[in-house]
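Analysis of the macromolecular model
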Amino acid sequence: MSKQLKQIAIYGKGGIGKSTTTSNLSAALADMGYRVMQFGCDPKADSTNTLRDGTYIPTVLDLLREKKQVDAHEAIFTGYNSIYCVEAGGPAPGVGCAGRGIITAVQLLKQQRIFEELDLDYVIYDVLGDVVCGGFAVPIREGIAQHVFTVSSADFMAIYAANNLFKGIQKYSNAGGALLGGVIANSISHPFQREIIDDFVCRTKTQVMQYVPRSITVTQSELSGKTTIEGAPESEQAAVYRELARRIDEHTDSKTPAPLGPEQLKNWAASWADQLVAIEIGEVRGEKEAI
Amino acid sequence: MSNINLSVPAVAVREIRLNTITGFAGNASELVQQSCSGGLGERRRSFTQCLGCSTSNAACKVVLVQDGVVISHGPVGCSACLHEFAFTYRVNAPLRGIEKPTPRHVYSTNLTEDETVFGGNEKLAATIREVFERDHPAVIFIITTCASGIIGDDVEGIADEAAEELGVPVVAIFCEGFRSKVWTSGFDASYHAIARKLINPSRFEHDPATGTSKRVTRPLVNVVNFWGSDIFNPWFERFGVRANYLTPYATLESLRYSSEALASVQVCLTLGSYLGGALESEFGVPTLRAAPPYGVPATERWLRALGALLEKPEVAEQIIEEERAASLPRIAELRSQLQGTTAYVTAGAGHGHALLALLGELGIQAVGAALFHHDPLNDFDAPEADQLAARVGDYGDVPNISICNKQEFELVNVLNRVSPDLLLARHGGMTLWGAKLGIPSLLIGDEQWGMGFEGVVKYGESILEVLENDEFVTNLAKHAINPYTQWWLSQEPYRFLEVE
């Protein structure tokens, strides 16, 4: 009788386009007929804005601050195509403990059996940046999410953050934690960026789920408070997100990644730096590297 | 709907699960009425003194498991008071037939500045291995603390990994003090973990009589309790069953097969609510729906409910008849001797209600009570098991009920004001205020001691003895210095309770 709830966590460096990607993924999955919840795990609490015409919703932790007994339903709002939107919320910058905030918020919903009650097909956690402390690892621990996808551009700082996340996943992989589904390559506009990501996933034994180009359509939709799926459903970019959703829907087997060690990462980045300089000055090194 | 959800590692705290409060002032009947109507609100204190911590209550339920050891995962200070359970275990062991109580082993991972920065997972894993090497326990319990909770250590993951590596259950108990102001949430944390990780799933077999499957049972009744006299087995033997005491003095094995008991009973609703509820909703073991047997009417209702549950109502009637004959004349004598006496009670929620019932039975006028918290609901959805409602129904209302989590400034003010002939308490340290004010005070820690017909007699006789021997408290009061000022003693005792 009970269908299989698929729980996914989307991680990535701050500002890399996690919330944009996540919201478009949620919207595309909802369009496919699934019952979806998007759970923002970032104290900024803006993960679900584009699912709700650019508006903010009260967060779980806001509600907990107001009163001791919170009915989880009060923190659940519906957005585009009946997607359930929840924001964990958290402290103001520079105070308190955002990590504990995530633990508290996730526990509240789990204890009240909300996922079962809403008969969901998908819960998608949109988690802030690096796994900076224990709290941020909650969605990948204790069997909460089964699959983790990381959003990364070809920017090296984003890749470092992804590599760090892989370390977290590797750490919890033996204890029934979530495994890595793959990388969502974001802002990929040049072939060399694609090569950098391809090289990285190859070395860390994972895969690219989708290459998402940088697009003005995304910005236009977001400025009107919408996802691309909602704001520009006929656009090429929307088709890219729909394909991502289809692949994630079909995805079943996640794996333990093989993160690079500090020295490996440094050497790997340095080798790419040399290649990028060569590209910049137009040096032709051979068929493969020729851009 | 039941708020018991064993699929998540941490228990939902009482404030959320049961709407539990720690601030109230009024009559018992008002408290009962507001609890039933769902209109009971918390009155916060703008000033408070001490509070207990959930981690200690969680420890209480697992340090006393005979073949287990406990690791406190936190700074060493969080386990500083846990040695008291070693004492409790030792002195109460003979009452449960344990002739040679083994030492209690309580460890701390001693989290330091380093681990709060770099994470305590590895230290916890190493501690579990070390503890296993030293003690080879049947089961290892880990109780969390605020520090490990805030840094988000993966206690559940580490415990599961260690269990697989060592081949013994390693049980993570989430009882961080900051999660709840109601320290009894710590009991629930331990029960939750035990129900998730130790209790065997119920087994079913085909019942040819009905053609359906039925739960495999043993002739046992779970007794969710603390420690103290074995009042239950003499009753249970008459029904052909034995007591399976949970969780103090239990063993890994007896915890495991608690799912095969015929029923569960509680010595105290606030203590046993969660385990009783979990055994019922998750394992199919019914919980007895009657307030615990304190005072004659409650004892009779309880025995009859047990008789009905075990399908031997005639045995219950026999016991009632015999015990009435044995005790009622003496209870009547005690009543006449104690007539006109006034008493004040301070205890935890459930047992406080029990003491108020005993006072009612003995004809002593209860002039008030300071009870540590109040649960308007229980975890098995049985309003008929409410002890305070039973007390009010059987013996009438009680004035001056204060829900007060050991706020001594309030207690002293009230005692000074109502000036009872007697103070009854259950917790160590609570009678000293009575004594300093010259009020004869009686502290009985053994919850079972006052149960049944005989319990009424024992309490009555002890109270008479305490009242007759008041020289000590009278002299002490002459020399005691009250640390509270006249100003405070002249204030209304609930001055710091917010107005609703």
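These numbers come from a predicted model, not from an experiment. (Residues numbered from 1 in each chain as written. Chains lettered and ligands numbered in written order. Predicted model: local features only at pLDDT ≥ 70, side-chain atom pairs only at ≥ 80, totals over all residues. Heavy atoms only, no water.)

**Quick notes on the state of the cysteines**
Residue and element names in this part refer to chain B. Applying the stated criterion to the full structure yields zero disulfides over all chains. For Cys78, which is in no disulfide, the shortest distance to another cysteine sulfur is to Cys146 and amounts to 6.4 Å. On the basis of relative accessibility, which here comes to 28%, the residue Cys78 falls in the partly exposed class. (Disulfide = S-S within 2.5 Å. Buried < 20%, exposed > 50% of the residue type's maximum accessible area, 1.4 Å probe, protein only.)

**Examining the nonpolar core**
Phe141, Ile173, Phe232, Phe236, Trp302 and Ile463 of chain B are the most contacted members of the largest nonpolar core, which has 114 residues in total. Counting 61 residues, the second-largest nonpolar core is a separate cluster that includes Ile102, Ala105, Ile144 and Trp268 of chain A. (Core = buried A, V, L, I, M, F, W, Y, C linked by side-chain atoms within 4.5 Å.)

**With respect to the packing of aromatic side chains**
All names here are of chain B. By the definition in use, this model includes 22 aromatic pairs over all chains. Considering the side-chain rings of Phe232 and Trp302, the 5.8 Å spacing of their centres and the 55 degrees angle between planes classify their relative orientation as tilted. You can see Phe232 sitting in helix α10 (residues 232-239) and its partner Trp302 sitting in helix α13 (residues 296-309), a full 70 residues away along the chain. The interplanar angle of 55 degrees and the centroid separation of 5.8 Å between the aromatic rings of Trp433 and Tyr484 together place this pair among those described as tilted. Of this pair, Trp433 sits in helix α18 (residues 432-436) while Tyr484 sits in the loop between α20 (471-479) and α21 (486-490), placing them 51 residues apart in sequence. Ring pairs connect the aromatic residues Phe47, Phe409, Trp487, Trp488 and Phe496, which therefore count as one cluster. (Phe/Tyr/Trp six-rings, centres within 6.5 Å; stacked < 30°, edge-to-face > 60°. Helix = DSSP H or I, 4+ residues; strand = E, 2+ residues; numbered from the N terminus.)

**Concerning the sheet that holds strand β4 (residues 139-144) of chain B**
Residues and elements named next belong to chain B. Across the sheet, four strands lie side by side as β3-β2-β4-β5; this open sheet has parallel pairing. The open sheet is flanked by β3 (106-108) and β5 (170-173), the only strands paired with a single partner. Within the sheet, the average angular offset between the axes of one strand and its neighbour, ignoring direction, is 20 degrees. Of the pairings in the sheet, the one linking strand β2 (residues 68-73) to β3 comprises three bridges and is parallel in character. Following the sheet pairing, Ile71 is matched in β3 by Tyr107. Here helix α6 (residues 121-135) sits on the sheet and contacts β2, β3, β4 and β5; the angle it forms with β2, its principal contact strand, is near 155 degrees. Sheet strands touched by helix α9 (residues 185-197): β4 and β5. Its angle to β5, the strand with the most contacts, is close to 145 degrees. (Pairing = 2+ DSSP bridges. Axes fitted to C-alpha atoms, helices over the stretch in contact; angles between N-to-C directions. Contact = heavy atoms within 4.5 Å.)

**Comments concerning the domain arrangement of chain A**
All names here are of chain A. By the assigned domains, chain A splits into domain 1 (6-260) and domain 2 (262-291). A separation of 31 Å is found between the C-alpha centroids of domain 1 and domain 2. Of the residues lining the interface, twelve residues belong to domain 1; the matching set on domain 2 comes to ten residues. Counting the surface domain 1 buries against domain 2, the share from its top three residues, Phe156, Glu195 and Leu260, is 45%. There are zero salt bridges connecting domain 1 and domain 2. Where domain 1 meets domain 2, there are two residue pairs in polar contact (both at pLDDT 80 or more). Mapped onto the side of domain 1 that touches domain 2, the elements with two or more residues apiece are α5 (156-172) and α6 (191-203). (Domains from an automatic or database assignment. Buried area = accessible area lost by both parts, 1.4 Å probe. Salt bridge = Lys/Arg side-chain N within 4 Å of Asp/Glu carboxyl O. Polar contact = N/O pair within 3.5 Å; in protein donor to acceptor, adjacent residues only side chain to side chain.)

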